[in-house]
Amino acid sequence: MKKIKVHEGRAYYPMPCAVVGAKIGEKANYLTVAWFSMVNPDPPYLAIAMNKAHYTNLGIKTNRTFSLNIPSVDIAEKVDYCGLVSGKKFDKATIFETFYGELETAPMVKECPFNVECRLVQTVELPAEDLFIGEIITAYCDENCLTGGTPDLKKINSFILSMPDKRYRALGQDIGSAWDMGKKHIKK
Ligand SMILES: Cc1cc2nc3c(=O)[nH]c(=O)nc-3n(C[C@H](O)[C@H](O)[C@H](O)COP(=O)(O)O)c2cc1C
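Residues numbered from 1 in each chain as written. Predicted model: local features only at pLDDT ≥ 70, side-chain atom pairs only at ≥ 80, totals over all residues. Heavy atoms only, no water.

> Give a description of the site of the ligand that names residues and reports values.
Around the ligand sit 22 residues in total, of which Thr32, Thr56, Val85, Ser86 and Gly87 are the nearest. At a separation of 3.5 Å, an oxygen atom of the ligand approaches a polar backbone atom of cysteine 82. In the complex, the protein chains occlude 84% of the 650 Å² of accessible area that the ligand would expose alone. At the level of secondary structure, the elements contributing two or more residues to the shell around the ligand comprise strand 3 (27-33), strand 5 (45-51) and helix 2 (76-84). A breakdown of the residues in the shell around the ligand according to their chemical character gives eleven nonpolar, eight polar and three charged. (Near = heavy atom within 4 Å. Polar contact = N/O pair within 3.5 Å; in protein donor to acceptor, adjacent residues only side chain to side chain. Areas by Shrake-Rupley, 256 points an atom, 1.4 Å probe, with all protein chains shown as cover. Helix = DSSP H or I, 4+ residues; strand = E, 2+ residues; numbered from the N terminus. Nonpolar A, V, L, I, M, F, W, Y, C, P; charged D, E, K, R; others polar.)

This is the structure we're talking about:
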């Protein structure tokens, strides 16, 4: 198949969606992110790329804490709202029910079945983005989204962002066993 050059600055791959929470003054502020990933297993670090212009960055830099909350498909509209408007102009503190954990300054979203609270360990200054690297201090999961005591992605029922068509998509079908189905290609 012939390869055609496409726009190099776009993320042409499925990106999970999440809500980042930070405390600014006495209020929670929430924004939507798709540019995030686990980046270290032990200690558990995750990194989130957030445009320097965002209001939420102020809270993360001030308290050196933040949360990452994985939503289910049924709150996709509220998640989209948090990515449409800035806390500079709109009070997003009451769009979700907030709870706090051990860190006390990392507001988390009760309606999201899976939540982590993080302590900021490093901020990498990129040309347009603050890349926040946080250590996960505590992870929480709704009881009904656990299977055998472990968070179950199928029950959490999260969704991805598809670009450049700007669509939210629920997770697709199970296609095989990771770290296993490729074994048949290992040459003996
Ligand atoms: C689906 C979606 C994904 C987004 N992903 C990111 C992201 O990964 N990083 C980022 O900086 N902004 C992202 N945004 C944009 C911010 O969420 C948006 O600008 C938000 O209004 C900023 O809020 P704040 O100023 O209150 O912090 C995303 C928006 C949407 C709708």
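Now, onward.
> So what about the pattern of salt bridges? Which residues, and what values?
As a working rule, side chains carrying opposite charge can pair if their charged atoms are close by. In the structure shown here, the tally under the stated rule is eight salt bridges. A salt bridge links glutamate 97 to lysine 110, with the shortest nitrogen-to-oxygen separation between them at 3.6 Å. Of the two residues, glutamate 97 is situated in the loop between helix 2 and strand 7 (98-99) and lysine 110 in the loop between strand 8 (108-109) and strand 9 (114-125); the sequence distance between them amounts to 13 residues. Of the charged contacts, one joins aspartate 165 and arginine 169 as a salt bridge, the two residues approaching to 3.3 Å between their closest N and O atoms. (Salt bridge = Lys/Arg side-chain N within 4 Å of Asp/Glu carboxyl O.)

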